[in-house]
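Descriptive structure summary
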Amino acid sequence: MTNVLKPLAFLGQAIESQVMVELKGNRGYRGTLDGYDPHMNLVLRNAEELVNNEVVRKLEVTIVRGDNVIYISP
Amino acid sequence: MTNVLKPLAFLGQAIESQVMVELKGNRGYRGTLDGYDPHMNLVLRNAEELVNNEVVRKLEVTIVRGDNVIYISP
Amino acid sequence: MTNVLKPLAFLGQAIESQVMVELKGNRGYRGTLDGYDPHMNLVLRNAEELVNNEVVRKLEVTIVRGDNVIYISP
Amino acid sequence: MTNVLKPLAFLGQAIESQVMVELKGNRGYRGTLDGYDPHMNLVLRNAEELVNNEVVRKLEVTIVRGDNVIYISP
Amino acid sequence: MTNVLKPLAFLGQAIESQVMVELKGNRGYRGTLDGYDPHMNLVLRNAEELVNNEVVRKLEVTIVRGDNVIYISP
Amino acid sequence: MTNVLKPLAFLGQAIESQVMVELKGNRGYRGTLDGYDPHMNLVLRNAEELVNNEVVRKLEVTIVRGDNVIYISP
Amino acid sequence: MTNVLKPLAFLGQAIESQVMVELKGNRGYRGTLDGYDPHMNLVLRNAEELVNNEVVRKLEVTIVRGDNVIYISP
C-alpha cells in the first residue's frame, strides 16, 4: 500500500485549481478550490452553481457543506 | 498547502457581514452573520427567510441548525 | 472574531422568553424556552404545535428533539 | 442561566407518569415512562401505538428508539 | 430516579423471550431475542419477517441492524 | 445475561458460510461472508446482487457498506 | 476468526486495480482505485460516471464521498 493517495491529501493537491463539485439533489458547483477541512466542507471562489447542469447563480465565494457532496473532481 | 483557507476560518471572516444561507428543501436565509460554531450552526440578525426564492418571513434574530445547510455565501 | 456569538450561548440568552421553533416537515412550535442542551434538544412550556402554520395542539410542556430543528427564533 | 432545565433532566422528572411521544411518519405512543437513556431511547409501559391519531396496537411494554422522536410531552 | 429502567437493560431482560421488532418502511420481525448490542443491533432466532403485517419470509437466525428500529416489544 | 450473543460475534461465526444480506431500497446480496468490521461493512465472495428478489448481477467479490444493511442472515 | 478479511484491508488490496463503485440514487463509477480512507472516501482515476448503467461523464480523477457508497467491487 505504498502509493495509496488519501482522498483528503488529494484535495490538498487541488488547492487553487478549478474543481467540479457534485452534490445530492442534482446540484453542482464549479469554482476554484480555496480551502477544505476533514468533513469535506469546501471554500470555492468564483463559483457557478448548477442545477440540472444549468448555471443558476454566480457566487464570488462560497462554503459548501461536505455532507451533501457526492464527488469532487479537478 | 500554505494558503489553505479552512471553511470555518472563512466563516469567522464573514462575521458582521451579510450572508446568504441555502438550506435543503428550497429554503434560504439572508441576514447578518452574528455567530457560528463548528457544526455550522449559525446566528443571523435581521434575517429574511426565503422559500423558492420568495421572502416569506422576517426574523430579527435566528439560530439556523447547521446540518440543513447546503452552502453559505457572503 | 472578538464579538462572535456562539449559537448555544445565544440559546442561553433566550431562556424564559418566547421562541418559535421550525422543524422539518412543515411542523413548528411556539412556546417559552425552559431548557436546552448541546444537541439543541429543547424544553418548551405553554407550547403550541403548528402544522402548516395552523395550531393543531397545545402542550403544557414538551421536549423537542434537536435533530429535527431547522431554526429557533425568539 | 441559573434555572435552565436540561431536556434529559426533564425526562427524569417524567418517570412513572403518562407521556405522549410523537415520532416521524405520523406515528405516536402514549404510555407510562419507565425508563430512558441519553439517546432518548424510551421504555414505555401500557402503551398505545397511534398512527394518524388512531390507536392501532396496545403494547404491554415497549422500547422506542430515540432517533425517531420528534417530541415527548407529559 | 431510583427505579429508572434503562432501555438497554430492559433488552437484557428480554433475552430468550419472544419479541416483536418494528422497522422503518412497514417491515417487522417476530422472533426469539438471542443477543443485542448498544447500537440496538439484534440477533433473532426462529424469526418471521413481516411486510405490511404479512409474513413474507422465515429466517432461522438473523442480525437486524439497529438503526432501522422503531420499537422492540416483548 | 450469561448467554447473550453479541451481533458482531454472531457475524464472526458466519465467516465462510453463505449469507443473505438485505439492504434498503429492495436490494440484496447472497454470497460467502469473507470479512466484516464493527460498522457491519462486509466482504462477500461469489455474490449475487438481487433487486426486487431477481438476480441482476454476479460479483466475484464485493465490499458492502454497512449503513445500508437491514439484516444479515446465514 | 483466523482468516477474517477486514473490508478496509480488502480495499487496500484493490489499489491500482479497476473497481466498480455503486452509489445510492442509481449512480455508479468505474475506474482505477488510487486511494481510500476509513470513511470509504475514494480516489478514482480514469473514471466513468454511470447513471442508470449508462456512461454520462468521464473524469480524469475524482474523489467519491464514502457515505453514498452501496458497494465497491473489483
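Use the structure listed above.
The structure contained in this document is the topic of the report that follows. (Residues numbered from 1 in each chain as written. Chains lettered and ligands numbered in written order. Predicted model: local features only at pLDDT ≥ 70, side-chain atom pairs only at ≥ 80, totals over all residues. Heavy atoms only, no water.)

Re the overall build of chain A
Counting secondary structure elements, chain A contains 1 helix and 5 strands. Mapped from its N terminus to its C terminus, chain A presents α and β elements in the order α-β-β-β-β-β. Over its C-alpha trace chain A gives a radius of gyration of 12 Å, about what one expects of a compact globule, namely 11 Å for 74 residues. Along the three orthogonal principal directions, the C-alpha set of chain A runs to about 45 × 25 × 20 Å. Across the 74 residues in chain A, those meeting the buried criterion constitute 58%. Once local pairs closer than 6 in sequence are excluded, the contacts in chain A between residues at least 24 apart make up 37%. Accessible surface computed for chain A: about 3300 Å², of which carbon and sulfur atoms make up 46%. One way to put it: in chain A the 8 positive side-chain charges average out to a point 4 Å from where the 9 negative ones average out. (Helix = DSSP H or I, 4+ residues; strand = E, 2+ residues; numbered from the N terminus. Rg over C-alpha atoms; globule rule 2.2 N^0.38 Å. Buried < 20%, exposed > 50% of the residue type's maximum accessible area, 1.4 Å probe, protein only. Contact = heavy atoms within 4.5 Å. Areas by Shrake-Rupley, 256 points an atom, 1.4 Å probe, with all protein chains shown as cover. Lys, Arg positive; Asp, Glu negative; His and termini not counted. Charge placed at Lys NZ, Arg CZ, Asp CG, Glu CD.)

A short note on the interface of chain A and chain G
At the junction of the two partners, chain A supplies 21 residues and chain G supplies 23 residues. Between chain A and chain G, the buried area comes to about 1900 Å², and carbon and sulfur atoms account for 55% of it. Run the count over chain A and chain G and you get 2 salt bridges. Note that glutamate 22 of chain A is salt-bridged to arginine 57 of chain G, the shortest N-O span being 3.7 Å. (Buried area = accessible area lost by both parts, 1.4 Å probe. Salt bridge = Lys/Arg side-chain N within 4 Å of Asp/Glu carboxyl O.)

A word on the pattern of salt bridges
Applying the stated criterion to the full structure yields 56 salt bridges over all chains. Notably, a salt bridge pairs glutamate 22 of chain E with arginine 27 of chain D, separated by 3.5 Å at the nearest N-O pair. Of the two residues, glutamate 22 of chain E is situated in strand β1 (residues 18–23) and arginine 27 of chain D in strand β2 (residues 27–36); the pairing between them involves two chains. Residue aspartate 34 of chain D is joined to arginine 45 of chain D by a salt bridge in which the shortest nitrogen-to-oxygen separation is 2.7 Å. Note that aspartate 34 of chain D is positioned in strand β2 and arginine 45 of chain D in strand β3 (residues 42–51), a separation of 11 residues in sequence. Residue aspartate 34 of chain D is classed as buried on the basis of its relative accessible area, which comes to 15%. Look at arginine 45 of chain D and you get partly exposed, because its relative accessible area is 32%.

Observations regarding unusual backbone geometry
A positive phi is found at asparagine 26 of chain A, a non-glycine position, where the angle reads about 60°. Assignment of secondary structure puts asparagine 26 of chain A in the loop between β1 (18–23) and β2 (27–36).

Here's the deal with the side chain of arginine 65 of chain A
Tracing the chain through its elements places arginine 65 of chain A in the loop between β4 (54–64) and β5 (69–73). Within the structure, arginine 65 of chain A has its side chain in polar contact with the backbone oxygen of histidine 39 of chain B (distance 3.0 Å). Not counting chain neighbours up to four residues away, the residues in contact with arginine 65 of chain A comprise Asn41 of chain A together with His39, Met40, Gly66, Asp67, Val69 and Ile70 of chain B. (Polar contact = N/O pair within 3.5 Å; in protein donor to acceptor, adjacent residues only side chain to side chain.)

Notes on the interface of chain A and chain B
Counting residues at the interface gives 23 residues for chain A and 21 residues for chain B. Counting each side, the surface lost to burial between chain A and chain B is near 1900 Å², with a carbon and sulfur contribution of 56%. Sorting the residues of chain A by area buried against chain B places Tyr36, Ile63 and Arg65 of chain A first, and these three jointly supply 34% of that buried surface. The interface formed by chain A and chain B holds 2 salt bridges in total. One can count 10 residue pairs in polar contact (both at pLDDT 80 or more) joining chain A with chain B.

A closer look at the packing of aromatic side chains
In this structure the tally under the stated criterion is 7 aromatic pairs over all chains. Aromatic side chains tyrosine 29 of chain B and tyrosine 71 of chain C sit 5.6 Å apart centroid to centroid with 75° between the ring planes, which places their arrangement in the edge-to-face category. Taken together, the residues tyrosine 29 of chain B in strand β2 (residues 27–36) and tyrosine 71 of chain C in strand β5 (residues 69–73) connect one chain to another. The exposure class assigned to tyrosine 29 of chain B is buried, which follows from its relative accessible area of 0%. Its relative accessible area of 0% is what places tyrosine 71 of chain C among the buried residues. Over the aromatic face of tyrosine 36 of chain A sits the side chain of lysine 6 of chain B, whose NZ or CZ is 5.6 Å from the ring centroid. (Phe/Tyr/Trp six-rings, centres within 6.5 Å; stacked < 30°, edge-to-face > 60°. Lys NZ or Arg CZ within 6 Å of the ring centre and 35° of its normal.)

Looking at the environment of lysine 24 of chain C
When you line up the elements, lysine 24 of chain C lands in the loop between β1 (18–23) and β2 (27–36). Taking relative accessible area as the criterion, lysine 24 of chain C reaches 42% and is therefore assigned partly exposed. Separated by 20 residues in sequence, lysine 24 of chain C and leucine 44 of chain C have C-alpha atoms that sit 17 Å apart. Apart from the residues within four sequence positions on either side, lysine 24 of chain C is in contact with Asn68 of chain B together with Asp67, Asn68 and Ile70 of chain C. Of note is the side chain of lysine 24 of chain C, whose polar atom sits 3.4 Å from the backbone oxygen of aspartate 67 of chain C.

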